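Listed below, chain by chain, are the residues.
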Amino acid sequence: MLKLELRHLGALLDALAGQGKVYAPFRQGGRTDFAWYDGTAGRDAAALDLEHHTARAPKDVLFPQVEDLLRFRQQGKKLGLEAAPLPTESVVAFGVRGCDTAGFAILDKVFLQDPADLYYRARRDSLTVLGLACGELEETCFCRTFGLDPAAPGGDVDLWLAGGALYWQARTDKGRRLTEALGAAVPFTDAADTTADTAAGAAADAVPPAVAAQRDAVHASYDRLPLAELRFDDRLYHHEREAFRSPVWESLAATCLTCRTCTYVCPTCHCFDVRDEKTAPGTTERYRCWDSCMDRDFTQMPHGNPRKGKTERFRQRYLHKLVYFPEDHGGTYACTGCGRCLQACPVSLNIVKVEQALAADLGAVGAAPDGKGGAQ
């Protein structure tokens, strides 16, 4: 494990930028969000924020809000097609929390299943993730519901902010290659003052006391959170018909504003639309852009929309996360417990409230009788 004094964060960002585009959390106007590092005011080392959680998930580093796919050129009766080039530039995502690295893994299940999405795969191959262990937790966090550890982010490199320093541990071949490429450009030192320990989800390693203390503090802090004992009941996705017909959908959906904020801040929502737009005489661009299953035009077809009402759209969103996705992916929920939907919804609707209401209606309130949930 390596150690870097915080006063050298600027040198680290510059060195990372020498390896590719850097995507990192910056704080502006009282809000922290991921943005591309360019060294300008607001996107420099002074604005780098490794303490607060970001308002939005960093999923657009792999799944952009807008992405070109194809260009049509018409000359008389001739039609030429030109595919958008695959992205090849190396990208480093710096400071990604464990709930969001888990979100990447869920997106992988969607876009890399056969046949793999070529644009997503190209971005995934060129991306190196620097995961950041949590320090301060939000009251809305519930990542441990899904077996995640807020102190073990699971990136190609794992980072801990502890004792006035940044600790760095490469976990994958990508992470080791990046560490070697940084070389002398970053004044790392060996974190030699260690105690034998094993980080969750990692191989046995020597852990510096500052990291061990920070990890223990995070675990203790999590135990005090309102949702610390939350478990999702895996019997939900074994009773799809009953869940679909539950009367809770009508009552819950009644207060939903269909603002779609929950889908845009979520690390796992992946709905998109494909559109054609004429950009010049004889030229049409095809692109895809984020969409939401909560939108009344979502899945619109010539005969109309199969989910005509707000209740049907609301039900589709949550059944996909709680039932359909785990059915198709070995019990993995399409949720990582980041808590952003709990924070963002203006009428306090969220996946926790829906899961508990649905489980109660199916006669399985909270955890299973043995106290264990089915989250993975």
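Just so it is clear, the model here is predicted, and its values are computed rather than measured.

**Thoughts on the pairing of strand β8 (residues 157–162)**
1) Next: Counting buried positions along β8 gives five out of six residues, so the element sits mostly inside the fold.
2) Next: Of the strand pairs in this sheet, strand β7 (residues 127–132) and β8 are connected by three bridges, and their pairing is parallel. Note that in β8 the partner of Leu-132 across the bridge is Leu-159.
3) Next: Taken together, the six bridges between β8 and strand β9 (residues 165–170) define a ladder with antiparallel strand orientation. In the sheet register, Val-157 faces β9, and the bridge partner there is Ala-170.
4) Next: Between β8 and the antiparallel strand that follows it, β9, lie two residues; Gly-163 among them carries a positive phi value of about 60°.

**Details of the pairing of strand β4 (residues 66–75)**
1) Next: Across seven bridges, β4 lies against strand β14 (residues 283–290) in antiparallel orientation. Of the residues in β14, the one forming a bridge with Asp-68 is Tyr-287.
2) Next: Across six bridges, β4 lies against strand β5 (residues 78–83) in antiparallel orientation. Its bridge partner being in β5, Arg-73 is matched across the sheet by Gly-80.
3) Next: Hairpin connection between β4 and β5: a loop of two residues separates the two successive antiparallel strands, and Gly-76 in this loop has a positive phi of roughly 65°.

**Remarks on the packing of aromatic side chains**
1) Next: If you walk through the whole model with that rule in mind, you get 18 aromatic pairs.
2) Next: Relative to Phe-188, the ring of Trp-168 lies with its centre 5.1 Å away and its plane at 55°, an arrangement referred to as tilted. With a gap of 20 residues between them, Trp-168 in strand β9 and Phe-188 in the loop between α4 (173–182) and β10 (189–190) connect regions that are remote in the sequence.
3) Next: The buried category is assigned to Trp-168, whose relative accessible area is 1%.

**So, helix α1 (residues 9–17)**
1) Next: Residues of α1 that are buried: Leu-9, Leu-12, Leu-13, Ala-15 and Leu-16. All buried residues of α1 fall inside an arc of 165° around its axis, so they share one side.
2) Next: Looking at the packing, one finds that the buried side of α1 touches β1 (2–5), β2 (21–28), β6 (91–96), β7, β9 and α4.

**Quick word on the domain arrangement of the protein chain**
1) Next: Domains assigned within the protein chain are domain 1 (2–67 + 86–223) and domain 2 (236–271 + 297–375).
2) Next: Counting residues at the interface gives 25 residues for domain 1, matched by 25 residues for domain 2.
3) Next: Buried surface at the junction of domain 1 and domain 2, summed over both partners, amounts to about 2,000 Å²; 64% is from carbon and sulfur atoms.
4) Next: Looking at the side of domain 1 facing domain 2, the largest losses of area belong to Ile-106, Phe-142 and Phe-146, adding up to 29% of the total buried there.
5) Next: One can count one salt bridge joining domain 1 with domain 2.
6) Next: In this structure, the salt-bridge partner of Asp-100 is Arg-340, at a minimum N-O distance of 2.8 Å.
7) Next: Inspection of the domain 1/domain 2 interface yields eleven residue pairs in polar contact (both at pLDDT 80 or more).
8) Next: Residue composition of the side of domain 1 that touches domain 2, by class: 15 nonpolar, five polar and five charged.

Calculation criteria
- Residues take numbers from 1 onward in each chain, read along the sequence in its written order.
- The model is predicted, so local features are restricted to residues of pLDDT at least 70 and side-chain atom pairs to those at 80 or more, both for listing and for counting; the totals for chains, interfaces and linings are taken over all residues.
- Excluding hydrogens and water, the side-chain values take into account all heavy atoms of the structure.
- Think of it in three bands: with a 1.4 Å probe and only protein chains considered, a residue is buried below 20% of the maximum accessible area for its type, exposed above 50%, and partly exposed in between.
- Elements are defined by DSSP. Helices are runs of H or I of four residues or more, strands are runs of E of two residues or more, and each kind is numbered from the N terminus.
- Two strands are said to pair when DSSP picks up at least two bridges between them.
- Working definition: a ring pair exists when centres of Phe, Tyr or Trp rings (six-membered ring for Trp) sit within 6.5 Å. Plane angles under 30 degrees give stacked, over 60 give edge-to-face, the rest tilted.
- The directions from the helix axis to the C-beta atoms form the arc being described.
- The criterion used for residue contact is that any of the two residues' heavy atoms lie within 4.5 Å.
- As used throughout, domain bounds are those supplied by an automatic or database domain assignment.
- When two parts are brought into contact, each loses some accessible area as probed by a 1.4 Å sphere; the total of that loss over both is the buried area.
- Just to be clear on terms, a salt bridge is a Lys or Arg side-chain nitrogen sitting within 4 Å of an Asp or Glu carboxyl oxygen.
- Any N or O atom pair separated by 3.5 Å or less is treated as a polar contact, with the protein-specific requirement of one donor-capable and one acceptor-capable atom, and with residues adjacent in sequence counted only for side-chain atom pairs.
- Gly is placed with the polar residues, together with every amino acid not listed as nonpolar (Ala, Val, Leu, Ile, Met, Phe, Trp, Tyr, Cys and Pro) or charged (Asp, Glu, Lys and Arg).

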